[in-house]
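Chain residues, written in single-letter form:
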Amino acid sequence: DLLHCAAAEEADHLAWCRERLAELGSRSSLLDPVWYGASFMIGALAGLGHLYHARTDSAAVAFERIRARSPRSPATDFLLGGISWHELTTGPDGFSGEGPPEKRFFDRMNAAIALGEKQLERNPADVSARFFVGGAYGYEARYFALQEKWWDAYRTGRKGLKHLERVAKEEPGLDDTYLGLGIY
């Protein structure tokens, strides 16, 4: 929880700094992307830590802080979709592919895809947006495979694969990309 609070405080502080700079007619530091990246990673790791310990409400709060910092990023919906995935796959009876968690899962993944594709229209070289779009398609494909909807799994997975292959080519050090490629 201490790490989670520190991440939230840092994100709030950076947002305040941007507002104040705008009031003064100035701009942010050239190092701002470094500070943002660190804040994002701390927030995401805090949320994932909550998720892995089945504290889904705390994970959702941590992930929503990412949206507050970067509302056009597909990251928040992708991560919130991970909570729905957790609900779908870790219940007492194992995989349960029906009901509200299924709808929330697809709503979140489709929102991540839509936001990511808008980012890619503005900047086709946005590796982060491409990663989350590819990952969201991959999550959906995995869901279809568990439902034994093979054609849907194939078609959706191919969409994700194209994005993740490009991420791997452009940012070969982004290790999370290879998990998505390996699952496909």
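Residues numbered from 1 in each chain as written. Predicted model: local features only at pLDDT ≥ 70, side-chain atom pairs only at ≥ 80, totals over all residues. Heavy atoms only, no water.

**Student:** Can you help me understand the nonpolar core in this one?
**Tutor:** The nonpolar side chains of a soluble globular protein tend to be buried, and buried together. In terms of nonpolar packing, the biggest core is built from 28 residues, with Phe63, Phe78, Phe105, Ala136 and Tyr143 touching the most fellow members. Going through the elements one at a time, α3 (56-69), α4 (75-89), α5 (100-122), α6 (127-146) and α7 (150-170) are the ones with two or more residues in this core. Ranked by residues supplied to this core, first place goes to α6 with nine residues. If we skip the residues at most four places from it in the chain, alanine 136 touches Phe78, Met109, Ala112 and Ile113. (Core = buried A, V, L, I, M, F, W, Y, C linked by side-chain atoms within 4.5 Å. Buried < 20%, exposed > 50% of the residue type's maximum accessible area, 1.4 Å probe, protein only. Helix = DSSP H or I, 4+ residues; strand = E, 2+ residues; numbered from the N terminus. Contact = heavy atoms within 4.5 Å.)

**Student:** Looking at this structure, I do not really get the side chain of glutamate 140. What am I missing?
**Tutor:** Looking at the secondary structure, you find glutamate 140 in helix α6. One buried charged residue, glutamate 140, remains without a salt bridge, the closest side chain of opposite sign being lysine 159 at 7.2 Å. Contacts of glutamate 140, omitting those with residues within four sequence positions, involve Phe105, Phe106, Met109, Asn110, Ile113 and Thr156. (Lys, Arg positive; Asp, Glu negative; His and termini not counted. Salt bridge = Lys/Arg side-chain N within 4 Å of Asp/Glu carboxyl O.)

**Student:** Looking at this structure, how should I read the environment of tyrosine 178?
**Tutor:** Take tyrosine 178: it is sitting in helix α8 (residues 176-183). A sequence separation of 13 residues divides tyrosine 178 from glutamate 165, and the C-alpha atoms of the two residues are 8.9 Å apart. Dropping the residues within four chain positions of it, tyrosine 178 is found in contact with Ala168 and Pro172.

As far as function goes, none of this settles anything; it's purely spatial.
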